[in-house]
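Below are the chains, spelled out letter by letter.
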2 protein chains.
Amino acid sequence: MTIAEESIPNVPEVVILRLPQYIRELTRILNEGTDVASSQQLGNRLQVTSAQIRKDLSYFGRFGKQGRGYKIHYLLKELRQILRLNQEWPTALVGVGRLGRAIIEYPGFSPQGFRVTAAFDSNSRQVGETLGQVTVQPMSQMEKVIRENGIRIGIVAVPAEQTQTVINKMVDCGINAILNYAPVSCHVPNGTKVRNIDPVLALQSMTYYLDPRT
Amino acid sequence: MTIAEESIPNVPEVVILRLPQYIRELTRILNEGTDVASSQQLGNRLQVTSAQIRKDLSYFGRFGKQGRGYKIHYLLKELRQILRLNQEWPTALVGVGRLGRAIIEYPGFSPQGFRVTAAFDSNSRQVGETLGQVTVQPMSQMEKVIRENGIRIGIVAVPAEQTQTVINKMVDCGINAILNYAPVSCHVPNGTKVRNIDPVLALQSMTYYLDPRT
DNA sequence: CGTTGTGAACGGCTTCACAGCT
DNA sequence: AGCTGTGAAGCCGTTCACAACG
């Protein structure tokens, strides 16, 4: 409340995209037993220039000591606070087909504070089934459950044709961060963020660089 | 051979990242029964300006007709050629744990010409098992198999600690395009591309925008 | 001395705007 | 008229370079 967050200017989105990487790498460095790091050291490990790291951090404050570097523990605490990672984030998954199941069972989310708290599917055959810790519910329950649990993050793993419809529903339920696994580009109102996970696009953007027969 | 590809200047990587999206959306438009599209129409569907699309395409040639737009079928053919998507790309997967299995069984790759042709794991318990169409082989076979099959693309789904080692091996085998599912940033020599798939980073870069209690 | 924090310079992607073709 | 292709302008993120400081 008293924190001077009001003074943070418009931070470029690329900066926000890099902060989680800083957190991840700093955590790793800390686990290796080092508790201070310079922007140079961090940059080497992430293939980023030291100036970039310092500039990125400078959007939010001063976290280092000249001549020394950054106390990792402290910097991590600050970064987590900036990104609001100091809390548990419940998420709602829609679509529990093959992909959705893999997502529910993916062990990588919860250590980072993201938990699939509710799952929905339009196929009545899946409804009622319990996967991991959650029981699949019908779409008709979505708004109620999302609002009652204060869920702000949605994960979409439905077929391409249904994606935009599902996303619209999520937005109507008050969700404004969406992780989209479907291979479609989707539209959301201002104030809602979408990140797409699409391995096929990733592959297709690499083959360009594979020269024929080398 | 006679194609004037030598005249293509250094294309910004962001452009290459957008081309697959153009392909995907154009394919969808074509399937809806439309066979000509303007940069404006495509841009609306992708949330991209029409100027951006025209500029992107202009790096590679002239594919439209003034006053008309682009013949989708023709443009798609050209784009696929630019990205070398007119061929099947065999890929090698390393790591057949939970995630690796999901990748092998993911039905989205093959329609786009990517096929997991070989799978490897260092755990002898998995070796010999057949998943989908491929039989898991020991790491010792990797170089031989990759070279014999002319595999240029690798997919990594091993635990974080092993990732850099596996990627180094892949590079030694002549692979220079890598899809990395592990939550680590990795180093590769010039001439090798890496794309990372990391849903956790994606989530962590969205919570920043979720203002407390709205 | 080593390293941060940062204004200024730089470079490159995006947008503009219009000539030119259909 | 409608839309492409593109030089030029504009904008925005990155890099530079150095004052400041432990």
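The structure reproduced in this document is the subject of the present report. Small disclaimer: the values here were computed from a predicted structure and weren't measured.

## Points about the overall build of chain A
Working step 1: Helix and strand counts for chain A stand at 8 helices and 10 strands.
Working step 2: Projecting the C-alpha coordinates of chain A onto the three principal axes gives extents of approximately 60 × 60 × 35 Å.
Working step 3: Expressed as a percentage of its 214 residues, the buried residues of chain A come to 48%.
Working step 4: In chain A, 58% of the contacts between residues at least 6 apart in sequence involve partners at least 24 apart.
Working step 5: A total of about 11000 Å² of accessible surface is found on chain A, and carbon and sulfur atoms cover 48% of it.
Working step 6: Taking the average place of the 24 positive charges on the side chains of chain A and the average place of its 18 negative ones, the gap between the two points comes to 6 Å.

## Concerning the interface of chain A and chain B
Often, the extent of an interface is quoted as the loss of accessible area upon association of its parts.
Working step 1: With 64 residues of chain A at the interface, the matching set in chain B holds 64 residues.
Working step 2: Contact between chain A and chain B buries roughly 5700 Å² in total, counting both sides, with carbon and sulfur atoms accounting for 64%.
Working step 3: At the surface where chain A touches chain B, the tally comes to 4 salt bridges.
Working step 4: One salt bridge connects R152 of chain B with D211 of chain A, and the closest N-O pair in it is separated by 4.0 Å.
Working step 5: Secondary-structure elements contributing two or more residues to the side of chain A that touches chain B are helix 1 (13-31), helix 2 (39-46), helix 5 (98-105), strand 9 (177-180), strand 10 (193-196) and helix 8 (199-204) of chain A.
Working step 6: Counting residues per element, the side of chain A that touches chain B draws most heavily on helix 1 of chain A, at 8 residues.

## Observations regarding the sheet that holds strand 3 (residues 69-71) of chain A
Residues and elements named next belong to chain A.
Working step 1: Taken together, the 3 strands give an open sheet; going across it, the order is 1-3-2, and neighbouring strands pair in antiparallel fashion. Only two strands of the sheet have a single neighbouring strand rather than two, namely strand 1 (36-37) and strand 2 (64-65).
Working step 2: Judged from the 2 bridges that link them, strand 1 and strand 3 form a sheet pairing that is antiparallel. Across the sheet, residue A37 finds its bridge partner in strand 3, namely Y70.
Working step 3: The strands touched by helix 4 (residues 72-82) are strand 1 and strand 3; relative to strand 3, the strand with the most contacts, the crossing angle is about 75°.

## Overview of the protein's contact with DNA strand D
Working step 1: What surrounds DNA strand D is a group of 22 residues, the closest being R18 and Q66 of chain A together with S39, R54 and Y70 of chain B.
Working step 2: In DNA strand D, atoms within 4 Å of the protein come 62% from sugar and phosphate.
Working step 3: At a separation of 2.8 Å, a phosphate oxygen of DNA strand D approaches a polar side-chain atom of R18 of chain A.
Working step 4: Q66 of chain B is positioned with one of its side-chain polar atoms (N or O) 3.2 Å from a base oxygen of DNA strand D.
Working step 5: For the surface near DNA strand D, the secondary-structure elements that each account for two or more residues are helix 1 and helix 3 (50-58) of chain A together with helix 3 (50-58), strand 2 (64-65) and strand 3 (69-71) of chain B.
Working step 6: Among the residues forming the surface near DNA strand D, the class breakdown is 4 nonpolar, 10 polar and 8 charged.

## Some remarks on helix 1 of chain A
Working step 1: End to end, helix 1 of chain A covers 28 Å across 19 residues, agreeing with the expected 27 Å (1.5 Å per residue, within 8%).
Working step 2: The complete set of buried residues in helix 1 of chain A reads V15, I16, R18, L19, P20, Y22, I23, R24, E25, L26 and I29 of chain A.
Working step 3: In the core, the buried residues of helix 1 of chain A are packed alongside helix 2, helix 3 and helix 4 of chain A together with helix 8 (199-204) of chain B.
Working step 4: Taken from the residues just after helix 1 of chain A, G33 of chain A is the one with a positive phi, measuring 100°.

## As for the sheet that holds strand 6 (residues 130-131) of chain B
All names here are of chain B.
Working step 1: Taken in spatial order, the 7 strands line up as 6-7-5-4-8-9-10 in an open sheet, and their pairing is mixed. In the strand order of this sheet, the two ends are held by strand 6 and strand 10 (193-196), each with one partner.
Working step 2: Judged from the 4 bridges that link them, strand 9 (residues 177-180) and strand 10 form a sheet pairing that is parallel. Opposite A177, over in strand 10, you have K193 as the bridge partner.
Working step 3: Each of strand 4 (89-94), strand 5 (114-121), strand 6, strand 7 (134-138) and strand 8 (153-156) is contacted by helix 5 (residues 98-105), which is oriented at about 165° to strand 4, the strand it contacts most.
Working step 4: This element, helix 7 (residues 160-172), spans strand 4, strand 8 and strand 9 of the sheet and lies at about 170° to strand 8.

## Topic: the relation of the copies chain A and chain B
Working step 1: Structural alignment of chain A on chain B gives an RMSD of 0.0 Å, achieved by rotating through 180° and translating 0.0 Å along the axis. Both copies are brought into coincidence by an operation consistent with a two-fold rotation axis.

## Thoughts on the protein's contact with DNA strand C
Working step 1: The immediate surroundings of DNA strand C are formed by 23 residues, with S39, R54 and Y70 of chain A together with R18 and Q66 of chain B found nearest.
Working step 2: Across the atoms of DNA strand C situated within 4 Å of the protein, the share located in sugar and phosphate is 62%.
Working step 3: Taking R18 of chain B, its side chain carries an N or O atom lying 2.8 Å from a phosphate oxygen of DNA strand C.
Working step 4: Only helix 3, strand 2 and strand 3 of chain A together with helix 1 (13-31) and helix 3 of chain B provide two or more residues apiece to the surface near DNA strand C.
Working step 5: Here the residues of the surface near DNA strand C sort into 4 nonpolar, 10 polar and 9 charged.

## Remarks on the packing of aromatic side chains
Working step 1: Applying the stated criterion across every chain, the model contains 8 aromatic pairs over all chains.
Working step 2: Relative to Y208 of chain B, the ring of F60 of chain A has its centre 6.2 Å away and its plane inclined at 80°; by these criteria the two rings are edge-to-face. Taken together, the positions of F60 of chain A in the loop between helix 3 and strand 2 and Y208 of chain B in the segment after helix 8 put the pair across two chains. Of the two residues, F60 of chain A and Y208 of chain B, neither departs from the other in class, the shared state being buried.
Working step 3: With 5.1 Å between their ring centres and 85° between their planes, Y208 of chain A and Y209 of chain A make a pair best called edge-to-face.
Working step 4: Overall, the relative accessible area of 25% leaves Y209 of chain A in the partly exposed class.
Working step 5: These aromatic residues form a ring-pair network of at least three members: F60 of chain A together with Y208 and Y209 of chain B.
Working step 6: Taking the ring centre of Y209 of chain B as reference, the NZ or CZ of K193 of chain A above it sits at 4.2 Å.

Calculation notes
- Residues numbered from 1 in each chain as written.
- Chains lettered and ligands numbered in written order.
- Predicted model: local features only at pLDDT ≥ 70, side-chain atom pairs only at ≥ 80, totals over all residues.
- Heavy atoms only, no water.
- Helix = DSSP H or I, 4+ residues; strand = E, 2+ residues; numbered from the N terminus.
- Buried < 20%, exposed > 50% of the residue type's maximum accessible area, 1.4 Å probe, protein only.
- Contact = heavy atoms within 4.5 Å.
- Areas by Shrake-Rupley, 256 points an atom, 1.4 Å probe, with all protein chains shown as cover.
- Lys, Arg positive; Asp, Glu negative; His and termini not counted.
- Charge placed at Lys NZ, Arg CZ, Asp CG, Glu CD.
- Buried area = accessible area lost by both parts, 1.4 Å probe.
- Salt bridge = Lys/Arg side-chain N within 4 Å of Asp/Glu carboxyl O.
- Pairing = 2+ DSSP bridges.
- Axes fitted to C-alpha atoms, helices over the stretch in contact; angles between N-to-C directions.
- Near = heavy atom within 4 Å.
- Polar contact = N/O pair within 3.5 Å; in protein donor to acceptor, adjacent residues only side chain to side chain.
- Nonpolar A, V, L, I, M, F, W, Y, C, P; charged D, E, K, R; others polar.
- Expected span 1.5 Å × (residues − 1).
- Least-squares fit on C-alpha atoms with pLDDT ≥ 70 in both.
- Phe/Tyr/Trp six-rings, centres within 6.5 Å; stacked < 30°, edge-to-face > 60°.
- Lys NZ or Arg CZ within 6 Å of the ring centre and 35° of its normal.

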